[in-house]
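Remarks on the overall topology
The lines below spell out each chain.
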Amino acid sequence: MKIDLKARLRGMYATLSLPREKMLLLFGLEGILYQFSQSVNNFGNCLYATGLGANDTQIGLVQTVPNLLALILLLPCGILSDRLKKSRTVPAACLLVMGIMYFFYGSVPLFGSLRISLFFIFLGMTVASAVLYNAQWQNFFGDVTPEDNRNSVFTFRSRIMFLIGVVTPLLCGFAMSAQQDAEGKLTVLRCFYYICGVLVLIQFFVIRRIPCPQQQAPSEKFSARLLATSIRTAFQGKYFPRFFLTGVLFYVSWQMDWSMWYIEETQYANMNEAHLSVMNASTCIAQAVSIGFFSRLSQKRSVYFTMIIVQLGYVLGSALAVFAMSPIFSDEIKPLAFILCAIVPSAMECSFNLCLVQMMLASVPRQNRSLIISLYTLVITLSNSVVPLLGVRLYTALGADWNAVVGFNGIVILMRTISLLEIIWLFVTTRKEGRLFATSPDELPAG
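Summary of the structure given here. These numbers come from a predicted model, not from an experiment. (Residues numbered from 1 in each chain as written. Predicted model: local features only at pLDDT ≥ 70, side-chain atom pairs only at ≥ 80, totals over all residues. Heavy atoms only, no water.)

Take the overall build of the protein chain next. Along its length, the protein chain carries 15 helices and zero strands. Within the protein chain, the proportion of its 447 residues that are buried is 53%. Here the analysis covers contacts within the protein chain between residues at least 6 apart in sequence; of these, 85% occur between residues at least 24 apart. In the structure as shown, the protein chain presents an accessible area of about 20,200 Å², 67% of it carried by carbon and sulfur atoms. (Helix = DSSP H or I, 4+ residues; strand = E, 2+ residues; numbered from the N terminus. Buried < 20%, exposed > 50% of the residue type's maximum accessible area, 1.4 Å probe, protein only. Contact = heavy atoms within 4.5 Å. Areas by Shrake-Rupley, 256 points an atom, 1.4 Å probe, with all protein chains shown as cover.)

Below you can see the structure in the form of C-alpha cells.
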C-alpha cells in the first residue's frame, strides 16, 4: 500500500511539473521581483530611518525588530503550511501581505509625530514577511521542481538575482544623489518602496502560475504534543541532525563578522562611500560570474563537495582581510587591497545558499517538512539577530584596536575551520552512504 501511494504521488507530480524552460522562466521572473525589493530594503532601510529622524539606538533596531517578529511567526507559519493542501499557499500569502505593507511603509512620512513608531511597525511587516516567504519558499521549491532540474533552476534564479542586486542599489543611489535636500532624498526612497509594493504583488501572481502538487494533510489535529513529536522525530532521524549541525555551525561562523566587516572597512581600510559602492558592485559581479562554476561543480561532484570549497574560501577570506588592512599597505592603497581581497569570500557567497537548500531538502523527511524547515530558519534568524552583535562585543573586549582586529579574525578563522571540518565529515559520511545526490530520506531504498 505504501509503494502504491508513492507511485500515485509521483505520477501526480509528473503531471503537474512544468517543462524545464518554463520553470526557468517563472522562477527567474520570481527571483527578479523578489531581489528588487530585498535590494531596496538592504540599501534603503537605514537611510529611510535616518531621513525620518531616527537616532543611533533606533538605527540599531532596524535589523532587530523585523527579525524578532519573524521569530515569533516562523513556527506558526510552518505548522500552518504543513496542514494546507498546497505548500504554495503560505508563501503566496506572505507576498500578498508584504506587497500591501510596502504602500503603508512608503507613506510613513505623512504621519507626522507617529512616523518613527509606524516606521518600525511597517518595517517589521515587510521584512518579516520576506523572511517568512524565504523560509516557506524552500519547501515550495522542493515540491514543484524535479530533483534533476533543481540545481539548474536554482542557479538560473540566483544568477539573475545577483545582477539585480548590482543594478538596484546603483539606481536608487544615483536617484538620491540627484536630489538637493533631505526631503527630496526621502521622496526617492518612498517611490522605490511603492515600486516594491507593485512588484511584490506581481510576484504573488507569478508563483500562482507555478503548478503545485497537493500534499497529504496530517490526520492528527495540531497540538503541543504533535509539535514536540515532530521535532523529536526529525532530530532522532539519521540525516537531519547532521545537516542541522552543519548549517548552524556555518551560519554562526559566517555571521560573526557581519557588523565587524563595516567597522573594518571604514576604520581600518579607510574606505569612503565611493569605495563602498564600488565594493558592493564588484562583489555582486563576482557572485554572478562564479555561480555558474559552482553550479557545474555541484552537478558533477555534489553540493556537499562544493560546500567544502565555499568554507575554504571563507577561511581564506578572513586571512586576506587582515592582510589588506595591515600596515604594509599605505592608507591610499588599503581600500583597493580590501576590495580585491573581499572578492574571494564574496564570490563564495553566491553558492552556499545553492548548496544548503539542496542539502536541507536531502535531509528533511517529507512529513512536516515545512515545520522542520521553519524550525531551522528560526534558529538561523535568531543567530542573525545575536551573533553579529557578539562579534562587535568580542572586538571591544579585545581592546578595539588593530591588535583586536587581528585577534578577532583569528577567532573567526578558528570558528570557520571547525565548521569546515564538520562539512568535510558530512561529505565523507554521506558519500559512504551513497546519498550525495539523494533528494530526501523518503526516496531512499529500504535498508
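Considering all chains together, one arrives at 38 aromatic pairs under this definition. Considering the side-chain rings of F27 and F141, the 5.4 Å spacing of their centres and the 85° angle between planes classify their relative orientation as edge-to-face. Of this pair, F27 sits in helix 2 (residues 20–51) while F141 sits in helix 5 (residues 115–144), and the two are 114 residues apart along the sequence. The residues F27 and F141 share a single accessibility class, namely buried. Arranged with centres 5.9 Å apart and planes meeting at 85°, the rings of Y251 and F352 form a pair that is edge-to-face. Here the residue Y251 occupies a position in helix 9 (residues 240–255), and F352 occupies one in helix 13 (residues 334–361), the gap between them amounting to 101 residues. (Phe/Tyr/Trp six-rings, centres within 6.5 Å; stacked < 30°, edge-to-face > 60°.)

This next bit is on empty space enclosed by the protein. Unoccupied space between atoms shows up once a probe the size of one water molecule is rolled over them. Under the defined criterion, the tally for this structure stands at two cavities of 30 Å³ or more. Taken as a whole, the second largest cavity encloses approximately 40 Å³ of empty space. The wall of the second largest cavity is formed by Y239, R242, F243, Y304, M359, S363, L426, T430 and R435. Going through the elements one at a time, helix 9 and helix 15 (402–432) are the ones with two or more residues in the lining of the second largest cavity. (1 Å grid on protein atoms, 1.4 Å probe; cavity = no way out; pocket = protein on both sides within 12 Å on 5 of 7 lines; lining within 4 Å. Points joined across faces, edges and corners; volume = space filled by probe spheres on them.)

A few words on helix 14 (residues 369–397). Taking 1.5 Å as the rise per residue, helix 14 with 29 residues should run 42 Å; its terminal C-alpha atoms sit 41 Å apart, in good agreement. The largest bend along helix 14 reaches roughly 30° and is located at N384, with the proline P388 sitting one to four residues downstream. Taken from the residues just after helix 14, G399 is the one with a positive phi, measuring 120°. (Expected span 1.5 Å × (residues − 1). Bend = angle between axes of the 7 residues up to and from the residue.)

The next subject is a positive patch on the surface. Where like charges cluster on the molecular surface, the positive patch consists of K300, R301, R431 and K432. Among the secondary structure elements, those contributing two or more residues to the positive patch are helix 11 (273–301) and helix 15. The partly exposed category is assigned to R301, whose relative accessible area is 38%. (Patch = residues over 30% accessible without salt bridge, like charges linked within 9 Å, V, L, I, M, F, W, Y side chains within 5 Å. Salt bridge = Lys/Arg side-chain N within 4 Å of Asp/Glu carboxyl O. Lys, Arg positive; Asp, Glu negative; His and termini not counted. Charge placed at Lys NZ, Arg CZ, Asp CG, Glu CD.)

Our focus in this paragraph is the pattern of salt bridges. If you walk through the whole model with that rule in mind, you get three salt bridges. With a shortest N-O distance of 2.6 Å, E30 and R157 are connected by a salt bridge. Placement of the pair is E30 in helix 2 and R157 in helix 6 (residues 147–177), with a sequence separation of 127 residues. The residues E30 and R157 share a single accessibility class, namely buried. Linking D331 and K334 is a salt bridge whose minimum nitrogen-to-oxygen distance equals 4.0 Å.

So, on to the packing of helix 12 (residues 303–325) against helix 15. Running from N to C, helix 12 and helix 15 cross one another at 170°; their axes reach a closest spacing of 9 Å. With respect to each other, helix 12 and helix 15 are oriented roughly antiparallel. Class assignment for the residues of the contact of helix 12 with helix 15 results in 20 nonpolar, six polar and one charged. (Axes fitted to C-alpha atoms, helices over the stretch in contact; angles between N-to-C directions. Parallel < 35°, antiparallel > 145°, perpendicular 65-115°, else oblique. Nonpolar A, V, L, I, M, F, W, Y, C, P; charged D, E, K, R; others polar.)

The subject of this paragraph is the environment of I285. Looking at where I285 falls in the secondary structure, it is placed in helix 11. The class for I285 is partly exposed, based on a relative accessible area of 47%.

Here we take up the nonpolar core. One recurring pattern in soluble globular proteins: nonpolar side chains tend to sit buried together. Within the largest apolar cluster, 63 residues are counted, with the highest numbers of intra-cluster contacts made by F27, Y48, Y105 and F119. Among the elements of the structure, helix 2, helix 3 (56–82), helix 4 (89–106), helix 5, helix 6, helix 7 (182–208) and helix 13 are those that each provide at least two residues to this core. The element that contributes the greatest number of residues to this core is helix 5, accounting for 15 residues. The residues touching F119, leaving out its near neighbours within four places in the chain, are N45, Y48, A49, L52, V62, Y105 and V108. Core analysis: the second largest hydrophobic core is formed by 37 residues, V303, F305, I373 and L436 among them. (Core = buried A, V, L, I, M, F, W, Y, C linked by side-chain atoms within 4.5 Å.)

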